[in-house]
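Each chain is listed here by its residues.
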Amino acid sequence: MRKVIWLTGISGSGKTTLGRLVYEKFKSLCKRVEFLDGDIVRDFFENDLGYSRRERILNVKRIAFAAMLLAKNDVTVIVANIAPYYEVRDFIRKNIPNYIQVYIKASLDSVRKRDVKGLYGNATNNMVGIDDAYDIPRNPDITVDTDRESVEESLNKILEHLLVTETANAKNS
């Protein structure tokens, strides 16, 4: 079974950017890897779920199920998805072996300034981090701070942790 590396954080924190870079790095090493982006999964299902707490949890569980199936079939999975609540991240950790949680830390002020998707200027209601809670991860495996670190520094921190984990697992096998 391969890993499921889940990048969580508020919108605009850098999940997709870092997720794609981790994906590209793994791909260049000829590893079996897939990238699941929460926005793309939502679009695939024709945005059939809204943004209530219940619907957000259902969407995350869809992504978790796909990630688990891929990992069971020897594919490393990189997921970029907010997964905003403790309960849904606890569900993922409980149900997916080799789950690695990466917290992409960023302040609301900084994501509003970079707002690459135009989400914060158009926010009307139920926006995670504004109207809807984002539960700060209690015990992430990796934390990167995109307010203080460059993209390269954050990427290297993630890759270094994954390498150390991989090395430790190989020694224990």
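Residues numbered from 1 in each chain as written. Predicted model: local features only at pLDDT ≥ 70, side-chain atom pairs only at ≥ 80, totals over all residues. Heavy atoms only, no water.

**Observations regarding the pattern of salt bridges**
Counted by the stated rule, this structure contains 6 salt bridges. Among the ionic pairs, Asp74 bridges to Arg2, the shortest N-O distance being 3.0 Å. Of this pair, Asp74 sits in the loop between helix 3 (53–72) and strand 3 (76–80) while Arg2 sits in the segment before strand 1 (4–8), and the two are 72 residues apart along the sequence. According to the relative accessible area criterion, Arg2 is partly exposed, its value standing at 24%. (Salt bridge = Lys/Arg side-chain N within 4 Å of Asp/Glu carboxyl O. Helix = DSSP H or I, 4+ residues; strand = E, 2+ residues; numbered from the N terminus. Buried < 20%, exposed > 50% of the residue type's maximum accessible area, 1.4 Å probe, protein only.)

**Side note on the nonpolar core**
Among soluble globular proteins, nonpolar side chains are generally buried collectively. Core analysis: the largest hydrophobic core is formed by 20 residues, its most contacted members being Val4, Trp6, Val77, Val79, Ile92 and Ile96. Contributing elements (two or more residues each) for this core: strand 1, helix 3, strand 3 and helix 4 (86–95). The element best represented in this core is helix 3, accounting for 7 residues. Not counting the four nearest positions on each side in its chain, Ile92 is found in contact with Trp6, Val60, Ala64 and Tyr99. (Core = buried A, V, L, I, M, F, W, Y, C linked by side-chain atoms within 4.5 Å. Contact = heavy atoms within 4.5 Å.)

**Observations regarding unusual backbone geometry**
Positive phi outside glycine occurs at Asp74, with the angle close to 65°. Classification of Asp74 by relative accessible area gives partly exposed; the value is 34%. With phi around 60°, Asn98 is a residue other than glycine that occupies positive phi space. By secondary structure assignment, the location of Asn98 is in the loop between helix 4 and strand 4 (99–105).

**Remarks on the sheet that holds strand 4**
Judged by pairing direction, the sheet is parallel, and its 5 strands sit side by side in the order 2-3-1-4-5 without closing on themselves. Bordering the open sheet on either side are strand 2 (33–37) and strand 5 (142–145), each of which pairs with just one other strand. The average angle at which neighbouring strand axes cross in this sheet is 15°, direction not considered. As paired strands, strand 4 and strand 5 are joined by 4 bridges and run parallel to one another. Among the inter-strand pairings, Lys105 is bridged to a residue of strand 5, identified as Asp145. Sheet strands in contact with helix 4 are strand 1 and strand 4, and its direction is about 150° off that of strand 4. (Pairing = 2+ DSSP bridges. Axes fitted to C-alpha atoms, helices over the stretch in contact; angles between N-to-C directions.)

**Overview of helix 4**
Turning to helix 4, its buried residues number three or more, namely Val88, Arg89 and Ile92. Axial view of helix 4: buried residues confined to an arc of 100°, hence all on one face. For helix 4, the secondary structure elements touched by its buried residues are strand 1, helix 3 and strand 4. (Arc of directions from axis to C-beta.)

**Structural notes on the side chain of Asn59**
For Asn59, the position within the fold is in helix 3. On the basis of relative accessibility, which here comes to 3%, the residue Asn59 falls in the buried class. If sequence neighbours within four positions are ignored, Asn59 has contacts with Gly38, Val41, Arg42, Leu49 and Asn81.

**Quick notes on the confidence of the model for the protein chain**
The predicted model of the protein chain has a mean per-residue pLDDT of 87, with 86% of residues at 70 or higher. Of all secondary-structure elements in the protein chain, the lowest mean pLDDT belongs to helix 2 (residues 38–44), at 79, while strand 5 reaches the highest, 98. (pLDDT = per-residue confidence, 0-100.)

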